[in-house]
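If you want the building blocks of each chain, they are given just below.
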Amino acid sequence: MMRVLVKRELGLITQLLAPLNVQSTRYTTKSTSTCDATSSGHSILPASQLKDICMPVSKANVIVPAANVTLPDYNTSWLPSPYDDTGKTISQYKKLSKFRLTSLVVITTMGGYAMAPAAFDPSSFAMCTLGTGLISAAANAINQYHEVPFDSQMSRTKNRLLVTGQVTPLKAVTFAAVSASTGLCMLYFGVNGLTAALGAGNLFLYTSIYTPMKRISIVNTWIGSVVGAIPPLMGWAGCAGTLDSGAMILAGVLFAWQFPHFNALSWNLRPDYSRAGYRMMAVTNPSLCRRTALTYSLAIVGLSAMAPVLDVTNYWFALETLPLNAYFAYLAYKFYKKSDSKSSRSLFRFSLLHLPALMLLFLANKKKWFFNKSVEEETTRDSNVMVLKPSKTATSLGNVLPVAVAEGPR
């Protein structure tokens, strides 16, 4: 009976191996019997020898290859980790800099530059854009460096580069240092000191205050919103050399937008944030999370209405943005009332469309464009004084102030 069962099992094994086209090699034992073994080194004994399987191992029943048999050589290589591919270096550093988030920061900076009441200068625009992008990349790299122990506990971040060992901490810190120093030099020498100061302050605010604050207090959300509001100020200062009420409208819109955007995102990530020890409104104070999302979405409506009053845009802007902002506020209201996965996801997804659309409407309805002159000359004929008001990039405090030049005889 035992032999019948063994033969049946042997037949099943043979049927399984047959479709795989496994090459067999003749093996022999020190006893006079022979058997077949696959190239993987496991032998298949005939039924007549299966009675010896339960016997103690001895020289008599150890299976060894025959002397005249050459084992097949498969040219396979062993890789210790799938992340050791050096050909993906650029892709890895893009992930380290959070490329999509950095792109959004750069877009808002470009919007601030374009909205400034000054002439467009291609060189300073390029330096301002690239410098801001490098600073943002450095801030994101430092943020990931500090949060490795906590990112490893979250499903959303457990596959990040530093968590999985794709990039070493030394490389991440080196990348951040090079990016930050290069970006700040580009802003200071290629744009102006005010833009460089804003960039340095934002880098410090994000890495040294916002990042550790995430595990201490829900105030981190307000600090993070300030971080998101500074890039349009950098663009405005890069073009005009100063900051005025128009720049504050842009910054206010970006500040207010962060709350419905992030609160909706964090709502479905509450288990992750709780497990990692992050103190977010969605975890510690859900009702406040819902209220702030609604409150600041309504604030965007008011700030958009103030833009034409402060001569940032024409009055068509207030009318054109009303449906966009109203629908954004409506989704925030649904999130406030229902507070479920569907409403939070809808609000978050629309926020990704809302901000670019709002920035385009800002540009389309700008009050006045400056293309023809780098310096606008306004001449006042009383007391023979000509006032020069620089509208190009200012490189020092003296250039920001109006310069009075006495008009001599002609």
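In this text, all values refer to a predicted model and were calculated from it rather than measured experimentally.

When its secondary structure is counted, the protein chain shows 16 helices and seven strands. Within the protein chain, the proportion of its 410 residues that are buried is 40%. Here the contacts in the protein chain between residues at least 6 apart in sequence split such that 67% fall between residues at least 24 apart. Looking at the protein chain as shown, the accessible area adds up to about 22,600 Å², and 63% of this sits on carbon and sulfur atoms.

This next bit is on unusual backbone geometry. Its identity as a non-glycine residue notwithstanding, Asp311 has a phi of 60°, on the positive side. Positive phi values are uncommon outside glycine, yet Ser339 reaches one of about 55°. Here Ser339 shows up in the loop between helix H14 (316-338) and helix H15 (341-364).

Let us now look at the pattern of salt bridges. Close approach of charged atoms allows side chains of opposite charge to pair. Applying the stated criterion to the full structure yields four salt bridges. Taking the shortest distance from any N to any O, the salt bridge between Asp272 and Arg275 comes out at 2.3 Å. With a gap of three residues between them, Asp272 and Arg275 both fall in helix H11 (residues 270-276), about one helical turn apart. The shortest N-O distance in the salt bridge between Asp311 and Lys367 comes to 2.9 Å. Linking Asp311 in the loop between helix H13 (286-309) and H14 with Lys367 in the loop between H15 and strand S5 (375-380), this pair joins segments that are 56 residues apart in sequence.

With 72 residues, the main nonpolar core has Leu96, Trp236, Leu347, Leu358 and Phe362 as its most contacted residues. Considering every element that reaches this core, the biggest residue donor is helix H10 (residues 245-267), with 11 residues. If we skip the residues at most four places from it in the chain, Leu358 touches Val253, Ile300, Ser304, Phe317, Thr321, Leu324 and Asn325. Ranked by size, the runner-up nonpolar core spans seven residues in total, among them Phe262, Tyr273, Ala276 and Tyr278.

This part takes up the packing of aromatic side chains. In this structure the tally under the stated criterion is 18 aromatic pairs. An angle of 70° between the planes, with centres 6.1 Å apart, marks the rings of Phe150 and Tyr278 as edge-to-face. With Phe150 in helix H5 (residues 148-151) and Tyr278 in the loop between H11 and helix H12 (281-284), this residue pair connects regions lying 128 residues apart in the sequence. Under the relative-accessibility criterion, Tyr278 is labelled buried at 3%. Ring geometry for Phe328 against Phe350: centres 6.0 Å apart, planes inclined by 40°, an arrangement best described as tilted. Taken as a pair, Phe328 in helix H14 and Phe350 in helix H15 lie far apart in primary sequence, 22 residues in all. In this structure, Phe328 and Phe350 share a single accessibility class: buried. Joined through ring pairs, the aromatic side chains of Phe150, Phe262, Tyr273 and Tyr278 make up one cluster. Between the NZ or CZ atom of Lys94 and the centre of the ring of Phe99, over which it lies, the distance is 4.8 Å.

Attention now goes to the side chain of Gln166. Considering the arrangement of structural elements, one finds Gln166 in the loop between helix H6 (161-164) and helix H7 (169-190). A polar contact of 2.9 Å, which involves the side chain of Gln166, links it to the side chain of Thr164.

Two numbers describe how helix H3 (residues 99-115) lies on helix H9 (residues 220-240): the axes approach to 6 Å, and their chain directions differ by 40°. As judged from the angle between their axes, H3 and H9 are oblique. Our pair here, H3 against H9, has a crossing hand that is right-handed. Residues Val105, Thr108, Thr109, Gly112, Tyr113 and Met115 of H3 form the contact with H9, whose own contacting residues are Pro231, Pro232, Gly235, Trp236, Gly238 and Cys239.

One can describe the packing of H10 onto H15 by two numbers: an axis separation of 7 Å at closest approach and a directional angle of 160°. In terms of orientation, H10 and H15 fall into the roughly antiparallel class. Both H10 and H15 take part in a crossing whose hand is left-handed. From H10, Ile249, Leu250, Val253, Leu254, Trp257, Pro260, His261, Ala264, Leu265 and Trp267 reach across to H15, where they touch Ser344, Leu347, Phe348, Ser351, Leu352, His354, Leu355, Leu358, Met359 and Phe362. Of the residues belonging to the contact of H10 with H15, the class tally is 16 nonpolar, four polar and no charged.

Inspection of the secondary structure assignment puts Cys128 in helix H4 (residues 122-146). With a relative accessible area of 1%, Cys128 lands in the buried category. Put simply, Cys128 and Met234 are 106 residues apart on the chain and 7.8 Å apart in space, counted from C-alpha to C-alpha. What Cys128 contacts, discounting residues up to four positions off in sequence, is Thr109, Tyr113, Leu187, Val191, Thr195, Met234 and Gly235.

Attention now moves to the environment of Ala237. Positionally, Ala237 belongs in helix H9. Of the residues examined, Ala237 reaches a relative accessible area of 0% and is grouped as buried. Expressed as a C-alpha distance, the spacing of Ala237 and Ala116, which sit 121 residues apart in the sequence, is 7.9 Å. Those residues in contact with Ala237 that lie beyond four places of it in its chain are Asn192, Leu194, Thr195, Leu198, Thr242 and Leu243.

Reading the values: the criteria
Residues numbered from 1 in each chain as written. Predicted model: local features only at pLDDT ≥ 70, side-chain atom pairs only at ≥ 80, totals over all residues. Heavy atoms only, no water. Helix = DSSP H or I, 4+ residues; strand = E, 2+ residues; numbered from the N terminus. Buried < 20%, exposed > 50% of the residue type's maximum accessible area, 1.4 Å probe, protein only. Contact = heavy atoms within 4.5 Å. Areas by Shrake-Rupley, 256 points an atom, 1.4 Å probe, with all protein chains shown as cover. Salt bridge = Lys/Arg side-chain N within 4 Å of Asp/Glu carboxyl O. Core = buried A, V, L, I, M, F, W, Y, C linked by side-chain atoms within 4.5 Å. Phe/Tyr/Trp six-rings, centres within 6.5 Å; stacked < 30°, edge-to-face > 60°. Lys NZ or Arg CZ within 6 Å of the ring centre and 35° of its normal. Polar contact = N/O pair within 3.5 Å; in protein donor to acceptor, adjacent residues only side chain to side chain. Axes fitted to C-alpha atoms, helices over the stretch in contact; angles between N-to-C directions. Parallel < 35°, antiparallel > 145°, perpendicular 65-115°, else oblique. Left-handed = near helix turned anticlockwise from the far one by under 90°. Nonpolar A, V, L, I, M, F, W, Y, C, P; charged D, E, K, R; others polar.

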